[in-house]
Each structure stands twice: as C-alpha cells, then as structure tokens.
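# Descriptive structure summary
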Amino acid sequence: MTSVLFDGIGLLYTGDPEAEELTDAALVAQDGLVAWIGPAGEAPDADQRVDAGGRCVIPGFVDSHAHLVFAGDRSAEFAARMSGVPYSAGGIRTTVAATRGAGAAELTARTAVLVAEMAAQGTTTVEIKSGYGLTVEDERRALRVAADFTAETTYLGAHVVPPDTDPDDYVRLVTGPMLDACAPHARWIDVFCERGAFDGDQTREILSAGIAAGLGARVHAGQLGEGPGVAVACELGAASADHCTHLSAADVEALASSGVVATLLPGAEFSTRSPYPDARRLLGAGVTVALATDCNPGSSFTSSMPFCIALAVREMRMTPLEAVRAATYGGARALRRDDVGVLRPGARADLVMLDASSYIHLAYRPGVPLVRQVWQAGQRIF
Ligand code: NIG
Ligand code: FE
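Residues numbered from 1 in each chain as written. Chains lettered and ligands numbered in written order. Predicted model: local features only at pLDDT ≥ 70, side-chain atom pairs only at ≥ 80, totals over all residues.

What follows is about the domain arrangement of the chain. Segmentation of the chain into domains returns domain 1 (3-59 + 342-380) and domain 2 (61-334). Between domain 1 and domain 2, the C-alpha centre-to-centre distance is 29 Å. Contact residues are listed per partner, giving 16 residues for domain 1 and 18 residues for domain 2. Looking at the side of domain 1 that touches domain 2 element by element, the count peaks at 3 residues for strand S16 (residues 371-376). Among the residues forming the side of domain 1 that touches domain 2, the class breakdown is 13 nonpolar, 2 polar and 1 charged. (Domains from an automatic or database assignment. Contact = placed C-beta atoms within 7 Å. Helix = DSSP H or I, 4+ residues; strand = E, 2+ residues; numbered from the N terminus. Nonpolar A, V, L, I, M, F, W, Y, C, P; charged D, E, K, R; others polar.)

We now examine the sheet that holds strand S13 (residues 261-264). Here 7 strands make up an open sheet; going across it, the order is S8-S9-S10-S11-S12-S13-S14 and the pairing parallel. Where the open sheet ends on each side, the last strands, each with one partner, are strand S8 (128-129) and strand S14 (289-291). Where strand S12 (residues 240-243) and S13 come together, 3 bridges link them in parallel fashion. Bridge pairing links aspartate 242 to threonine 263 in S13. Of the strands in this sheet, S8 and strand S9 (153-158) are in contact with helix H4 (residues 136-147), which crosses S9 at around 160°. (Pairing = 2+ DSSP bridges. Axes fitted to C-alpha atoms, helices over the stretch in contact; angles between N-to-C directions.)

Of all hydrophobic cores here, the largest spans 129 residues; its most connected members are Leu27, Ile309 and Ala312. Here this core takes 8 residues from helix H12 (residues 305-316), the largest share from any one element. Per-domain counts for this core show at least three residues from each of domain 1 (3-59 + 342-380) and domain 2 (61-334). Sequence-distant contacts of isoleucine 309, that is, excluding residues within four places in its chain, are made with Leu291, Ala323, Val324, Ala327, Leu362 and Ala363. (Core = buried A, V, L, I, M, F, W, Y, C linked by C-beta atoms within 7 Å. Buried ≥ 20, exposed ≤ 12 C-beta atoms within 10 Å, placed from the backbone.)

This part is about the environment of isoleucine 9. Within the element layout of this structure, isoleucine 9 appears in strand S1 (residues 3-13). Between the C-alpha atoms of isoleucine 9 and aspartate 138, which are 129 residues apart in sequence, the distance is 46 Å.

What follows is about unusual backbone geometry. Phi at cysteine 244 is positive, roughly 55°, even though this residue is not glycine. Locating cysteine 244 in the fold gives a position in the loop between S12 and helix H9 (249-258). Residue classification places cysteine 244 among the buried residues on the basis of 31 C-beta atoms within 10 Å.

Attention now goes to the environment of threonine 95. Along the polypeptide, threonine 95 turns up in helix H2 (residues 92-101). Overall, threonine 95 belongs to the buried group, with 22 C-beta atoms counted inside 10 Å. Setting aside residues up to four positions removed in sequence, threonine 95 forms contacts with Phe70, Gly72, Arg74, Tyr132, Pro297 and Gly298.

Quick look at the structure:
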C-alpha cells in the first residue's frame, strides 16, 4: 500500500492525552494507519506528500449517536415547534410509518446521502441506530442498511411502543424474536428511557437481554426530564448515557464513578428549543463527555459535528479544546474504540485538515465550511 506525508501542519490536535497539541508538525500515514508524528520537515519519505500550508489538522470526528435510516420529512413539525408546539416522543411514529413504506434501496440511498454529508463535515466514524421500523423485519432491514456504512450499528427496537400495541407484548418482542433477528447485525443495543417511551424497569430488562445476546449497551437518558435512564446505564455498565439534559446529583455522581460516558447532543436542544445540558457540571465532576449530532428527522436534523462544537462552546460553556476533544476522543470512548478519535502511531489515519490555523475556528466561525480535506484510513474521502 501507499504512504502519505502530511507536512507543514501549523497546529496538530492529536486527541492523545499524552501529547494533545503539537505546533509545526508532520504526520505520516501508511497502510491506513498513523505511522509517524513529529516536527515538520523531519518526517521520513513517503509516496505522496500533502502540504498543509500551516493549517490545523485534527482527528476525524467520531459521531457516536445518529439515527440515519429513515424516510419521510418532518420539517412541518419543526416549523410548528418554532411557533411554540412542544417536542414529544410521539413524532417518532410519523417517521416509522414513512420508513416502513420505503423500499430498502431508498433507505440505503438516503443513508448514503447523510453519511456523505457527514464526511464532508469531517466525520470519519459514525454510529447508526435502527428504531424507525419497530417490527422484526423492519428493524432487521434498518440494521442491514446501517451495516453497509459502519461497524457501529445499534439496535433501537425500543425507541417507542408502536401504535395499537400492548407495551408488555412489545417488550417481549424486543427482547425475544426481534433481538434474535437484529443481534447478528448490531454491535450495540439502545433504549429510549423516557416518559412516553420506556420506563426504568423496561429499560433494564431490554438492555439486559441485549447484553446476554452479546451486544454492548447505550441509553437515551434524561432527554425530556429526569428519569432512571442514567442510573440503569451505570448499573449495567453501558458504554454511554446519551442526552443527559436533565440529571440529578446522584446521576452525575454515578456517571463519574462508573466511567459511563455522557454523550451530549446539543443539536437536539437547538432543534427542540430546550435548555442545554450542563456540560460544566459534568466536566467538573470528572465525567468523560462526548459530543454527537443525534442526526434524526425529528429532534435534531443536523449532520454537522462542527455545528455541535459551536453550540457546545457558545451554549454549554465548553472551551473550544473541550469541545473538539469531546467530538473526537470522547466519541471514541463512547464507542469503546481506541483506534479512532486520536492521532498517534498505530491509530487509524482518519484526519481532517481545516481551512484555519486552529480548531478554535470551529466555534469562532460558526456555519462556515472550514473542512478542507478529510482522510479516512489513509485515503482521501473529501
Ligand atoms: O434521540 N429521543 C429519541 N430519539 C430521537 C428523536 C427521534 C425522533 O423524534 O424521531 C432523539 O432525539
Ligand atoms: Fe437519539
């Protein structure tokens, strides 16, 4: 295979806690992995040379929470919300109906568009959930579509109880035949633990069944109000509790002591006009924080990690460094990956060259397309 030398990097944010920021740096990628990092001008020879011209290079973003397999459009719901209609979990059913009615080829094509949008904005690893099928066949189909794009596939049969269905019957389906059909296509299991979706006991039962089937656990917790989601996530050793907008003191303590990552999704607060999660409280308690888009047609239809970084800095009082760390290293922790979200020898050569001298510009210049080049496993994808 080939090697690529990235030289003249004005600022290299590595995401590696050992050497997080280097100035005037160079990086060599070989066979898809980072092979060497050091001072500009001192790198070993490579087959191809890319001059960063003093620009900033960062790891590819790790978007650890996205719902990309769906059909339909909920822009009218968004417009109504901006005129005062509150967000509710019930909107999920609109997308379920549209998704069931779409063909597999359409779902694949739509997912490809969103994955390409993400890549153009610097995302090189994305987690993709099912959750808009809610039948055995429709959930399996969604996961097969997702698996064409990522290894980080998540079974979210427990997104909401479908219409005209008894909740107990549905939990039996989700933990039985649907799990059997979906587990071979999934790495993770997720539950929307919320009033109007699944309660704490149901969440524990569903996640436990998934864990017994070999899946890792993650939870939608505390999005619309305080609830038992974070406690159950910590009790079961989930990789991540996501949203974390409404947390009790005990939740914060449990996240800190269990090491469960708190994944914050500020696109959802933006698009539902809700108060943002208290990132400072989590960081102050020593919780590992990740940032992700939650890209979905209802609560957060953005595919942009730079937008989420800008929101985190402006609205959640994260520093630019904390935000870029949460969007790279934090996302990787939320997926229990140590080969992505970081640039160090041996890691996957996933990197983003910004049209800027520093990652600070991601928040300083919101809405500006600063992503100049994106490389994934040593190949240029944008
Ligand atoms: O993470 N909260 C549950 N699921 C999505 C919203 C899904 C929808 O509204 O379609 C979320 O915000
Ligand atoms: Fe979500």
